[in-house]
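Chain by chain, the residues:
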Amino acid sequence: MRISLVFKNASYLFTSNVLIRLINSLATILVARYLGAYDFGVLNIALAFAFIASFFTDMGLSNTVMREATKPNANISELVSSYLKVRCIFALLTLVVFIFVINVLYNDPYLINFVCWLVIPTIFGSALQNIGSIYFQAIQEMKYTALIRGVSGLITSSTLILFIILKLPFSWLAPIYGISSILGGIFSIFIVTRRVYIFNGWNKAILNNLANFTIGGIAVIILPQLGPIILEKSTNLKEVGYFAAAYKIPSVSGVLIIQ
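Residues numbered from 1 in each chain as written. Predicted model: local features only at pLDDT ≥ 70, side-chain atom pairs only at ≥ 80, totals over all residues. Heavy atoms only, no water.

Caption draft 1: Examining the overall build of the protein more closely. When you go through the protein residue by residue, the secondary structure sums to 11 helices and 0 strands. The order of α-helices and β-strands along the protein, N terminus first, is α-α-α-α-α-α-α-α-α-α-α. The buried share of the protein, reckoned over its 259 residues, is 49%. In the protein, the share of contacts with a sequence separation of at least 24, taken over all contacts with a separation of at least 6, comes to 84%. Of the roughly 13200 Å² of accessible surface on the protein, a fraction of 70% belongs to carbon and sulfur atoms. (Helix = DSSP H or I, 4+ residues; strand = E, 2+ residues; numbered from the N terminus. Buried < 20%, exposed > 50% of the residue type's maximum accessible area, 1.4 Å probe, protein only. Contact = heavy atoms within 4.5 Å. Areas by Shrake-Rupley, 256 points an atom, 1.4 Å probe, with all protein chains shown as cover.)

Structure, rendered in structure tokens:
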């Protein structure tokens, strides 16, 4: 019975991850064809910062919450409440640091505005989405984790495709992308609050050994995102666009291998 449950949960996550990553990658390639190299370079710098910022709103906290959730007599509601509080604090700190860093690194108002409009809502959207993912992983109902990821991914992909169909100005893409992340987060919170009260105490154990997971995440998550950011400093945004477009092609075929 236990093996069957593990297999079923793994299947939900595998299917949702593969399909959503594939759809998102294909949608991004279509956007690349529509935008052109320069604007696609701007988009990918913004996305790189969004991935990095999203990591710093978590910094391995998801792993420590899951560790505590697997202990006997774990209070899942209390853990989710603690996770929400810490992630909100991390999100606010990340927001302050991000605004400072982006203004130090760049002088172009066009680039700064676009990156900020995309990254700032994504910081909070990803934090809200992960609350649902963590909760349903903790209670071993991965179909809801898959549902949250699936709905969030489809919202993002749909907005990108709609952007192309309506031939909207490039400046609209950043807030559209950011708002889609927020919508995914709202959906996640909606599902969780139907099952559990998310303001239910505090468990400081989720902070134990957090630094170990943070260090590991920096190598795995942040380093792959530095390519567009570093490349822009040595070349130009058009070259960044060509690099990002070329990178997307093997990433689509590599989704199944990664999974």
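And the narrative resumes.
Caption draft 2: The pattern of salt bridges, seen in detail. According to the stated counting rule, one finds 5 salt bridges in the structure shown. Arg87 is the salt-bridge partner of Asp58, the closest N and O atoms lying 3.2 Å from each other. Taken together, the residues span a long stretch of sequence, with Asp58 in the loop between helix 2 (37-56) and helix 3 (61-69) and Arg87 in helix 4 (residues 76-105) at a distance of 29 residues. The class of Asp58 is buried, set by a relative accessible area of 9%. Between Arg195 and Glu141 there is a salt bridge; the shortest N-O distance is 3.0 Å. In this pair, Arg195 sits in the loop between helix 7 (173-193) and helix 8 (210-222) while Glu141 sits in the loop between helix 5 (109-138) and helix 6 (142-165), placing the two residues 54 residues apart along the sequence. Each of Arg67, Glu68 and Lys71 takes part in salt bridges that share partners, so that together they form one network. (Salt bridge = Lys/Arg side-chain N within 4 Å of Asp/Glu carboxyl O.)

Caption draft 3: Just the nonpolar core, in detail. One finds Leu43, Phe49, Phe114, Val115, Leu118, Val119 and Leu173 to be the most contacted residues of the largest nonpolar core, which totals 65 residues. At 13 residues, helix 5 tops the list of elements feeding residues into this core. Beyond its immediate sequence surroundings of up to four residues, Phe114 is in contact with Val42, Leu43, Ala46, Phe170, Leu173 and Ala174. (Core = buried A, V, L, I, M, F, W, Y, C linked by side-chain atoms within 4.5 Å.)

Caption draft 4: Region of interest: the packing of helix 3 against helix 4. Where helix 3 contacts helix 4, the axes come no closer than 10 Å and their chain directions differ by 165°. Relative to helix 4, the element helix 3 lies roughly antiparallel. The interaxial crossing formed by helix 3 with helix 4 has right-handed handedness. Listed contacts from helix 4 to Leu61, Ser62, Val65, Glu68 and Ala69 of helix 3 are Ile76, Leu79, Tyr83, Val86 and Arg87. Taken together, the residues of the contact of helix 3 with helix 4 sort by class into 7 nonpolar, 1 polar and 2 charged. (Axes fitted to C-alpha atoms, helices over the stretch in contact; angles between N-to-C directions. Parallel < 35°, antiparallel > 145°, perpendicular 65-115°, else oblique. Left-handed = near helix turned anticlockwise from the far one by under 90°. Nonpolar A, V, L, I, M, F, W, Y, C, P; charged D, E, K, R; others polar.)

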